[in-house]
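# An overview of the molecular structure
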Amino acid sequence: MELNIEEALRYLGAGSGAPEALRRETETMAARLTAAVRPRYVYRVFPLVREGDAFLLSGSGVTLTGRSARTMLAQCGRAALLACTLGAGFDAMLRAEQARGMDGAVILDACGGAWVEAGCNAAEEELRGKLPGAYLTDRFSPGYGDLPLELQPAVCSALDAERRIGIHVSESFLINPVKSVTAVIGISDRPQMARIRGCAFCSMNKTCALRKGGKSCAI
């Protein structure tokens, strides 16, 4: 598992054209982070049942609605729920960095985003290895596209995520610790070509600071 420096730089709004000094600072911060904190994840696979325009993950208590789910799961008979977190250790690191100065804290936050993404990638590769002959869709998360953020409690409950990896959901449906992710992955017996990544599907597309600056996070 490796932290993708280019991804961290994209989160900083810099990308491949980042100044060399910023790249070095990001690499140093990434090394500190990966030495101190490792992503933890949990996932489960559920049968997928079509109910009108929605998809029920049988036995999970999770029902997926909206265009994003219909696009991603149209050819799927199963789906996996995934949760990944950097845990309270990252939150403590971030608070300490904020006390020293915001420049370092911003870089650490970007590295944290890339590091939890690496954890999600590792979980997906592990899942893929357990499902020979199956094809996976892209990951998509509550709050992305038109998949409701209100699904977070049901997803975390289905995964027993609070007990297993320390993730809990706030009253406003945000998940904590701060660098935590939940996602859905469709599982099919045929290659999956549908893609919903990009600004057009993102629930932040009206308020995103990167878009205001003419950039993209490139996911």
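Now for a look at the structure at hand. Not measured: the values here are computed from a predicted model.

### Considerations on the packing of aromatic side chains
Applying the stated criterion to the full structure yields 1 aromatic pair. Relative to Tyr43, the ring of Tyr41 lies with its centre 6.3 Å away and its plane at 20 degrees, an arrangement referred to as stacked. Tyr41 sits in the partly exposed class, given a relative accessible area of 24%. Taking relative accessible area as the criterion, Tyr43 reaches 15% and is therefore assigned buried.

### Description of helix α2 (residues 20-36)
The end-to-end C-alpha distance of α2, which contains 17 residues, comes to 25 Å, matching closely the 24 Å that a straight helix rising 1.5 Å per residue would cover. Buried residues in α2 make contact with α1 (5-11), α4 (87-100) and α5 (102-130).

### Side note on the pattern of salt bridges
Taken as a whole and assessed by the stated rule, the structure comprises 11 salt bridges. Between Arg23 and Glu6 there is a salt bridge, and its shortest N-O distance comes to 2.6 Å. One end of the pair, Arg23, is in helix α2; the other, Glu6, is in helix α1, and 17 residues separate them in sequence. Linking Arg32 and Glu97 is a salt bridge whose minimum nitrogen-to-oxygen distance equals 3.2 Å. Here the residue Arg32 occupies a position in helix α2, and Glu97 occupies one in helix α4, the gap between them amounting to 65 residues. Taken together, the shared-partner salt bridges connect Glu117, Glu124, Glu125, Arg128 and Arg139 into one network.

### Some details on the pairing of strand β8 (residues 180-188)
For β8, the tally of buried residues reaches 8 of 9 residues, placing the bulk of the element in the interior. Two elements, strand β4 (residues 78-85) and β8, share 8 bridges in a ladder whose sense is antiparallel. Across the sheet, Leu81 pairs through a bridge with Val184, a residue of β8. Relative to β8, strand β5 (residues 135-140) is paired through 4 bridges, and the arrangement is antiparallel. When the sheet's bridge partners are listed, Arg139 is paired in β8 with Ile185.

### Notes on the sheet that holds β5
Sheet architecture is open: 6 strands sit in the order β3-β2-β1-β4-β8-β5, paired in antiparallel fashion. Every interior strand has two partners, whereas the edge strands, β3 (62-64) and β5, have only one. Adjacent strand axes in the sheet meet at a mean angle of 30 degrees, parallel and antiparallel pairs treated alike. Sheet topology note: the strand β1 (residues 40-51)/strand β2 (residues 54-57) ladder contains 4 bridges and is antiparallel. Counted as the bridge partner of Arg50 is Phe55 from β2. Contacts between α5 and the sheet are confined to β1, β4, β5 and β8, with β1 contributing the most and set at about 60 degrees to the helix.

### As for the pairing of β1
Of the strand pairs in this sheet, β1 and β4 are connected by 8 bridges, and their pairing is antiparallel. Paired with Val45 across the strands is Ala80, a residue of β4. Between the antiparallel neighbours β1 and β2 lie 2 residues, among them Gly52 with a positive phi of about 65 degrees.

### Considering the packing of α2 against α5
Each pair of packed helices can be described by the angle between their axes along with the distance between the axes. Axis separation between α2 and α5 bottoms out at 9 Å; the angle between their running directions is 60 degrees. Classified by the angle between their axes, α2 and α5 sit oblique to one another. Here α2 and α5 pass one another in a crossing that is right-handed. Every residue of α5 that contacts α2 at Leu22, Glu25, Thr26, Met29, Ala30, Leu33 and Thr34 is listed here: Gly104, Ile107, Leu108, Cys111, Gly112 and Trp115. The class makeup of the residues in the contact of α2 with α5 is 8 nonpolar, 4 polar and 1 charged.

### Some words on the side chain of Thr182
Here Thr182 lies in strand β8. Engagement of the side chain of Thr182 in a polar contact is seen with the side chain of Gln152, the distance being 2.6 Å. Not counting residues up to four positions away in its chain, the partners in contact with Thr182 are Leu82, Ala83, Ser141, Pro142, Gln152, Val155, Cys156 and Ile175.

Rules behind the numbers
Residues numbered from 1 in each chain as written. Predicted model: local features only at pLDDT ≥ 70, side-chain atom pairs only at ≥ 80, totals over all residues. Heavy atoms only, no water. Phe/Tyr/Trp six-rings, centres within 6.5 Å; stacked < 30°, edge-to-face > 60°. Buried < 20%, exposed > 50% of the residue type's maximum accessible area, 1.4 Å probe, protein only. Helix = DSSP H or I, 4+ residues; strand = E, 2+ residues; numbered from the N terminus. Expected span 1.5 Å × (residues − 1). Contact = heavy atoms within 4.5 Å. Salt bridge = Lys/Arg side-chain N within 4 Å of Asp/Glu carboxyl O. Pairing = 2+ DSSP bridges. Axes fitted to C-alpha atoms, helices over the stretch in contact; angles between N-to-C directions. Parallel < 35°, antiparallel > 145°, perpendicular 65-115°, else oblique. Left-handed = near helix turned anticlockwise from the far one by under 90°. Nonpolar A, V, L, I, M, F, W, Y, C, P; charged D, E, K, R; others polar. Polar contact = N/O pair within 3.5 Å; in protein donor to acceptor, adjacent residues only side chain to side chain.

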